[in-house]
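What follows is the residue order along each chain.
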Amino acid sequence: MPQMPNIIVQLVHIQGPLKGQIQDFSQFPVQIGRHSSCQVRFEKDLTTISRRHARIERQGNRFRIIDASTNGTYVNGKRIADVYLRDGDVITFSENGPKASFLTKIEAGEAPIPHTRPAQPARPMPPSPVSAPPPQMSAPSPVRVPEIPSTPPPHIPEPGLTVGPGLEIPVISTNAPLVIQFGPTLQSYNLLPVTMGTDPACDFVMANNALAGRHLQIFFNENEYYAKDLTGRSTVSINGRPVGTQSVLAQGAELSLTDRGPKFRFLGGGRLAEIQDVVSDPLEKTDADANLRGANSEPSVPQKKSKSLFKSFFS
C-alpha cells in the first residue's frame, strides 16, 4: 500500500498580534482561538476572537477549515462555514481581525511509494549449438589510423550560480504556482513569468522609489524557479551576489531587489515572502505624558523590535 506523504501546514501571520510569526503543524486538527488548549492561541483580551474560533482538519491530502465562532471566519474576504484550503489562501479570524496565509509543504523523503510488480523469473536460454572452429587465416596487415585531436568537454555552469549571457535559460510561458507576500499584500499566480516593479503594467506592482518600472521577472523552466534582473544595472542579488542577467532561486535563498531592499525569502514551492528590516515604533503622544513631563524630564526612547518573518524559522 502506498504511504501517505507527510505534509506540513504553515500559517504565516501577516496581520494582528501574531504578525511576523510562522507556525508549522503536522498533527491535526489544529485548534485556533483564545482557549489555552488551542495550538494557535490569541490573547484573552482579544474578545473578537472566540475561545475556540476555528479548526483545521486533514482529509487525505486536503485540508479543511471549519468555523466555530461568533464573529465569523473569512477566507479570501468571504465568510465561510467550512471550506477546503489552497496554498496562498488568506484566512481572517473575525471581520477586520488577525490574518494568516495558508501554505503547505511536503517533507523530503516522505513521498508516496509507487506500486511495483514482482520480477518474473528469467526463462532458461537454450544451449548454443556447437559449431566447428573457423579455419585459420593469416593475420591482416595493421592499418594506420590517424590520430584525432581531443577536444575539451563543454563548460557546464555550477548549479545555483549566475547563468552566463551565452547560456541564458529561455523565458517561456509556463503553468507553475507563485505566491508573493509583500507587507499586507498577498497575491498568487498560476501562470509564469511574473514581472515585478513600479510600472502599473507589471503583474506585481510595488510602490518603492528605489525600484525600476520593470525591475524583476520570476519565471519557471526545467523544474527550477529563476530570477531575472530587468534593470540592466546588476541591481538584483541573491544571497548578496548579483544575479547578472538571471539566476536559479534555490530554497531558502535571500533575494534583494536593491542593496537597500526590498528583500524576500524564497521558501521553495513558488513561495516568495518579504523579509522586513528592524524598525522603530513611533512615539505616541498622550495627555498623561504631557501632564507628567517635567522641566528636567528626558523624552522616552522608542524600543526597537524585529519584524522579520523568518528570524525564528531559519535560525
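Residues numbered from 1 in each chain as written. Predicted model: local features only at pLDDT ≥ 70, side-chain atom pairs only at ≥ 80, totals over all residues. Heavy atoms only, no water.

Moving on, we come to the overall build of the chain. Along its length, the chain carries 1 helix and 25 strands. The contacts in the chain between residues at least 6 apart in sequence include a share of 40% that link residues at least 24 apart. Accessible surface computed for the chain: about 20,800 Å², of which carbon and sulfur atoms make up 52%. (Helix = DSSP H or I, 4+ residues; strand = E, 2+ residues; numbered from the N terminus. Contact = heavy atoms within 4.5 Å. Areas by Shrake-Rupley, 256 points an atom, 1.4 Å probe, with all protein chains shown as cover.)

Across the sheet, which stays open at both edges, the 6 strands sit in the order 2-1-11-10-7-8 with antiparallel pairing between neighbours. Sheet topology places strand 2 (22-25) and strand 8 (78-80) at the edges, where each strand pairs with a single neighbour. Averaged over all neighbouring strand pairs, the angle between strand axes comes to 30 degrees, with direction disregarded. (Pairing = 2+ DSSP bridges. Axes fitted to C-alpha atoms, helices over the stretch in contact; angles between N-to-C directions.)

Of all hydrophobic cores here, the largest spans 26 residues; its most connected members are Ile180, Ile218, Leu255 and Phe264. Those elements that provide at least two residues to this core are strand 12 (174-182), strand 13 (185-192), strand 14 (194-197), strand 16 (216-221), strand 17 (224-229) and strand 22 (263-268). Ranked by the residues each element gives to this core, the list is headed by strand 12, at 4 residues. In contact with Ile180, other than residues within four places in its own chain, are Thr185, Leu186, Gln187, Tyr189, Val194, Met196, Phe204, Phe264 and Leu272. Formed by 21 residues, the second largest nonpolar core is a distinct cluster that contains Ile7, Leu11, Leu18 and Ala100. (Core = buried A, V, L, I, M, F, W, Y, C linked by side-chain atoms within 4.5 Å. Buried < 20%, exposed > 50% of the residue type's maximum accessible area, 1.4 Å probe, protein only.)

For the rest of this paragraph, the subject is the pattern of salt bridges. Side chains that carry opposite charge are capable of pairing whenever their charged atoms lie near each other. This structure, assessed with the given rule, holds 5 salt bridges. Residues Arg64 and Glu57 are paired through a salt bridge, measuring 3.7 Å at the closest nitrogen-oxygen approach. Residue Asp259 pairs with Arg260 through a salt bridge whose shortest N-O separation is 3.7 Å. Of the two residues, Asp259 and Arg260, neither departs from the other in class, the shared state being exposed. Through salt bridges with shared partners, a single ionic network connects Arg55, Glu57, Arg64 and Asp82. (Salt bridge = Lys/Arg side-chain N within 4 Å of Asp/Glu carboxyl O.)

Every second residue of strand 14 is oriented toward a common face, with Val194 and Met196 on one face and Thr195 and Gly197 on the other, all of them buried. Pairing analysis gives 3 bridges linking strand 14 to strand 16, with the strands arranged antiparallel. When the bridges of strand 16 are listed, Met196 appears paired with Leu216.

Moving on: the environment of Asp24. Position of Asp24 relative to the elements: it lies in strand 2. A relative accessible area of 36% means that Asp24 is categorised as partly exposed. With 15 residues separating them in the primary sequence, Asp24 and Val9 have C-alpha atoms 5.6 Å apart. Within the local environment of Asp24, its side chain forms a polar contact with the side chain of Gln10, the two groups lying 3.4 Å apart. (Polar contact = N/O pair within 3.5 Å; in protein donor to acceptor, adjacent residues only side chain to side chain.)

As a further point, take unusual backbone geometry. Between Phe28 and the following residue, Pro29, the backbone shows a cis peptide bond with an omega angle of 5 degrees. Tracing the chain through its elements places Pro29 in the loop between strand 2 and strand 3 (30-33). The residue after Gly261, namely Pro262, is reached through a cis peptide bond having omega 0 degrees. With respect to the helices, strands and loops of the structure, Pro262 is situated in the loop between strand 21 (254-256) and strand 22. At Ser94, a residue that is not glycine, the phi angle is positive and equals roughly 75 degrees. Locating Ser94 in the fold gives a position in the loop between strand 10 (90-93) and strand 11 (99-106).

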